[in-house]
Amino acid sequence: RSSGVKIGSLHDYALSDAEIVGKYYNKIAPKQEPFAAFNTLFAQDGFFLYVPKGVKLAHPIQLIFVNRGKYPIMSNARNLIIIDDNATAQVLVCTHSMGEVLALSNRLTEVHVGKHATYDHYKLENTNLKNVNLGSLYIRQENNSNVLVNEITLHNGKTRNNVKIDLDGEHCETILCGMAVADCKEHIDNFTAINHNSPNCKSKELYKYVLDGEACGVFSGRIFVKEGAQKTEAYQTNKNVCMKPTARMFTQPQLEIYADDVKCSHGASTGLM
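Quick caveat, the model's predicted, so the values are computed rather than measured. (Residues numbered from 1 in each chain as written. Predicted model: local features only at pLDDT ≥ 70, side-chain atom pairs only at ≥ 80, totals over all residues. Heavy atoms only, no water.)

Caption draft 1: How the structure looks around the packing of aromatic side chains. Going through the model one piece at a time under the given rule, you end up with four aromatic pairs. Summarising the aromatic geometry, the rings of Phe38 and Phe42 are spaced 4.6 Å apart at their centres and angled 40° between planes, so their arrangement reads as tilted. Of this pair, Phe38 and Phe42 are both found in helix α3 (residues 34-42), four residues apart, which corresponds to roughly one turn of the helix. Geometrically, the ring pair formed by Tyr207 and Phe219 is tilted, given 5.2 Å between the ring centres and 35° between the ring planes. Taken together, the residues span a long stretch of sequence, with Tyr207 in strand β13 (residues 202-211) and Phe219 in strand β14 (residues 216-225) at a distance of twelve residues. The pair Tyr207 / Phe219 is uniform in exposure class, with both members buried. Its guanidinium or amino end placed over the ring of Phe191, Arg160 lies 3.7 Å from that ring's centre, counting from NZ or CZ. (Phe/Tyr/Trp six-rings, centres within 6.5 Å; stacked < 30°, edge-to-face > 60°. Helix = DSSP H or I, 4+ residues; strand = E, 2+ residues; numbered from the N terminus. Buried < 20%, exposed > 50% of the residue type's maximum accessible area, 1.4 Å probe, protein only. Lys NZ or Arg CZ within 6 Å of the ring centre and 35° of its normal.)

This is the structure:
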């Protein structure tokens, strides 16, 4: 706390630090996206992290969400993370469940990464077949920032992950990774969007699925290169393995480019063991 780091309840900091929370809250989550709108309407609290200029956190921060109850439950959490200029932070988010109760989770995280800042975001989901998890991650990068995102889904009922990253400053770098391992009748959707809104930026994206039983996987990834975003380098890959003919994989890699001096590629492959 002596370094000026603020960490704790979003509700509490919205009252005690209204100016900084008001400056960043609900600024990059798309208003028209239904899961985001639902979260904005119903969420009452969540996690807040503010890392001031030049501060580098020595250790990662771990968030643990546990679905537990006697009766069917719905939980909505809203997280806000602000990494100021020249700051560094790592956050690990873990989602688990206890018992076999039906659970619906809708969690939304907004991350603002300042100039020359570095941010690593890891997410691990390991629940059960009676859980439905809706996860939304929205990140905005400023000049010369560096972001790593790694999302892993090991066990669940139904999962939908939305990841949207806006490279709004020059010389940004982004690495986006994802892995899904599913069996039984699990269903895992990953929808991603990396928006190159400024020139001289780089992004790499890799998602892999291993599907067994009657599991179903979906990958829809979009790389957007805005007009004037010259010298962009963007690469997207999706690789999948179906262990049985009853498993299904649907993939849709996409490129949308409005600049003529870029290096971009995308591809997908699905194999049957």
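Back to the text.
Caption draft 2: How the structure looks around the nonpolar core. Counting 41 residues, the largest nonpolar core has Leu49, Ile83 and Tyr119 as its most contacted members. Residues in contact with Leu49, not counting those within four places in the same chain, are Val5, Lys6, Ile7, Ile61, Leu80, Ile81, Ile82, Ile83 and Val91. Counting residues in hydrophobic clusters, the runner-up holds nine residues, among them Tyr13, Tyr24, Leu80 and Ile82. (Core = buried A, V, L, I, M, F, W, Y, C linked by side-chain atoms within 4.5 Å. Contact = heavy atoms within 4.5 Å.)

Caption draft 3: Seen up close, the layout of surface pockets. Quantified by volume, the largest pocket comes out at close to 270 Å³. As for the largest pocket, its lining consists of 14 residues, of which Glu33, Tyr138, Asn162, Lys164 and Ala193 are closest to the centre. Per element, the largest residue contribution to the lining of the largest pocket is four residues, and it comes from strand β10 (residues 158-167). (1 Å grid on protein atoms, 1.4 Å probe; cavity = no way out; pocket = protein on both sides within 12 Å on 5 of 7 lines; lining within 4 Å. Points joined across faces, edges and corners; volume = space filled by probe spheres on them.)

Caption draft 4: Seen up close, the pattern of salt bridges. Within the structure shown, the criterion is met by seven salt bridges. As a salt-bridge pair, Glu142 and Arg140 come within 3.7 Å of each other at their nearest N and O atoms. Residue class for Glu142 comes out partly exposed when judged on its relative accessible area of 25%. A salt bridge links Lys231 to Asp261; its shortest N-O distance comes to 2.8 Å. With Lys231 in the loop between β14 and β15 (232-242) and Asp261 in the loop between β16 (248-257) and β17 (262-272), this pair connects stretches of sequence that are 30 residues apart. Within this structure, Arg140, Glu142 and Asp168 form a network of salt bridges that share partners. (Salt bridge = Lys/Arg side-chain N within 4 Å of Asp/Glu carboxyl O.)

Caption draft 5: Quick peek at the pairing of strand β11 (residues 173-182). Here β11 shows a clear split, with Thr174, Leu176, Gly178, Ala180 and Ala182 buried on one side and none of Glu173, Ile175, Cys177, Met179 and Val181 buried on the other. Both strand β9 (residues 146-155) and β11 contribute to a ladder of eight bridges, which runs parallel. The residue of β11 that forms the bridge with Glu151 is Gly178. As judged from the ten bridges shared by β11 and β13, these two strands associate in the parallel manner. Its bridge partner being in β13, Ala182 is matched across the sheet by Leu211. (Pairing = 2+ DSSP bridges.)

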